[in-house]
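Each chain, written out:
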Amino acid sequence: MNIRILGCSGSIAQGCRTTSFLLDDDVLIDAGTGVGDLTLDELARIDHILLSHSHLDHVLGVPLLADSVMRRRHDRAPIQVHALPETLQVLREHLFNDRLWPDFTRLPNPRRPVLALREFQHGDSLELGAARRRVDILPAAHAVPACGFAVTAPSGRQWVYTGDTGPNPALWSALAGRDVAQLVIEVAFAESERAIAADSRHHCPSSLAEELKRLPELADVLLTHIKPGELDTIVADLAQRLPDRRLQTLSAGQVLHLA
Ligand SMILES: Nc1ncnc2c1ncn2[C@@H]1O[C@@H]2COP(=O)(O)O[C@H]2[C@H]1O
């Protein structure tokens, strides 16, 4: 099982692309600005998009992708966009409303649209893509309704992405008993912006260090969603707080493999 990191930044700047991961070649996990690095052929292969929440940095690729691939998918089923009901409602009301963007859930033809919106709930399990990967929907604690995802590799080991979240006790309960090989967890803000982190329901180093006490030592920890310009400060801070835990930072272009 391969996960290609298209974007993993907390916002944009040169070299910084917002969250998007490609599972195998047909399942997109979040649709941030990293989606724009895919070729048209790669975009046209995507059959499923999982959205962790409705914020722009995670969804803006969906309407653009729909417009790009529409003429290549005449004979294909709609791309299934999977998300919490609250997230889909935001897309319907504020994005695909024929004002901010055309309603691609009815275009190019209401009987054969390029997008179909599919609800899931926390605790659900989906089977997605040609490889029928199992994806479990995990709780997240963010400023808007949000979730994370656990994807099961052929060995039974799991790749877990927290989504955008602040301190999230329900996540650790949901992970108990799972064989987590890799945990992609966010830390958006430096300690100096701890108040903004708390307000906007993200992690900073102190809250992340507390959370990681709940994770088995064996899992690899990969940091994501760091705000542009903050990486060195955050990594140095975490190295002091967690000297015994090897932390890696995700980078765009990286491909994670899980047997
Ligand atoms: N109270 C706040 N003060 C400053 N910035 C904020 C506040 N709330 C949200 N934001 C910013 O708005 C961004 C929206 O996307 P994010 O949640 O990734 O990160 C958020 C912060 O960078």
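Now for a look at the structure at hand. A quick note: this is a predicted structure, and the numbers were derived from the prediction, not measured.

Glancing now at the overall build of the protein chain. A tally of regular secondary structure across the protein chain gives eight helices and 14 strands. Expected size for 259 residues packed as a compact globule is a radius of gyration near 18 Å; at 18 Å, the protein chain falls within 12% of this value. Dimensions of the protein chain, computed from C-alpha atoms along their principal axes, come out at roughly 55 × 40 × 30 Å. Across the 259 residues in the protein chain, those meeting the buried criterion constitute 54%. At a minimum sequence separation of 6, the contacts of the protein chain that also span at least 24 residues come to 59%. For the protein chain, the accessible surface area stands at approximately 11400 Å², while carbon and sulfur atoms represent 50% of it. Looking at the protein chain, you have 26 positive and 33 negative side-chain charges, and the mean spots of the two groups are 5 Å apart.

The strand order across the open sheet built from seven strands is β7-β8-β9-β10-β11-β12-β13, with neighbouring strands paired in mixed fashion. The open sheet is flanked by β7 (125-128) and β13 (247-249), the only strands paired with a single partner. The sheet shows a mean angle of 25° between the axes of neighbouring strands, taken without regard to direction. Alignment of strand β11 (residues 180-186) against strand β12 (residues 220-224), held across five bridges, turns out to be parallel. Across the sheet, I185 pairs through a bridge with L223, a residue of β12.

The ligand sits among H55, D57, H142, D164, F189, I196, D199, S200, H202, H225 and K227. At a separation of 2.6 Å, an oxygen atom of the ligand approaches a polar side-chain atom of H202. At 2.9 Å, a side-chain N or O of K227 approaches an oxygen atom of the ligand. A total of 460 Å² of accessible area belongs to the ligand in isolation, and the protein chains cover 58% of it. With three residues, helix α6 (residues 194-200) is the single largest residue contributor to the shell around the ligand. Counted by class, the shell around the ligand contains two nonpolar, five polar and four charged residues.

A word on the side chain of T19. Structurally, T19 can be placed in the loop between β1 (2-7) and β2 (20-23). A relative accessible area of 1% means that T19 is categorised as buried. Setting aside residues up to four positions removed in sequence, T19 forms contacts with G7, C8, S9, D30, A31, G32, D57, H58, Y161 and H225.

Cut-offs used in this document
Residue numbering note: each chain is counted from 1, following its sequence as written. Reporting of local features is limited, given that this is a predicted model, to residues whose pLDDT is at least 70; pairs of side-chain atoms are given and counted only at 80 or more, and all residues count toward the totals for whole chains, interfaces and linings. Hydrogens and water are ignored here; the side-chain numbers use all heavy atoms of the structure. The secondary structure listing takes helices from DSSP runs of H or I that are at least 4 residues long and strands from runs of E that are at least 2 residues long, numbered from the N terminus. The globule rule used for comparison is 2.2 Å times the number of residues to the exponent 0.38, while the radius of gyration itself is calculated over C-alpha atoms. Three exposure classes are used, based on accessible area relative to the maximum for each residue type with a 1.4 Å probe and protein chains only: buried under 20%, partly exposed in between, and exposed over 50%. In what follows, residue pairs with any heavy atoms lying within 4.5 Å of each other are defined as contacts. Note on areas: Shrake-Rupley, 1.4 Å probe, and residue coverage restricted to the protein chains presented here. When charges are counted, neither His nor the chain ends are considered; positive counts come from Lys and Arg and negative counts from Asp and Glu. Taken as the charge centre is NZ of Lys, CZ of Arg, CG of Asp or CD of Glu, depending on the residue. Paired strands, in this sense, are two strands between which DSSP finds at least two bridges. Interaxial angles span 0 to 180 degrees and are taken between N-to-C directions of axes, which are lines fitted to C-alpha atoms, for helices over the stretch in contact. Throughout, near means a residue has at least one heavy atom within 4 Å of the molecule or strand. Counting of polar contacts relies on pairs of N or O atoms within 3.5 Å, with two restrictions inside protein: one atom must be capable of donating a hydrogen and the other of accepting it, and residues adjacent in sequence are counted only when both atoms are side-chain atoms. When residues are sorted by character, Ala, Val, Leu, Ile, Met, Phe, Trp, Tyr, Cys and Pro go into the nonpolar class, Asp, Glu, Lys and Arg into the charged class, and all the rest, Gly among them, into the polar class.

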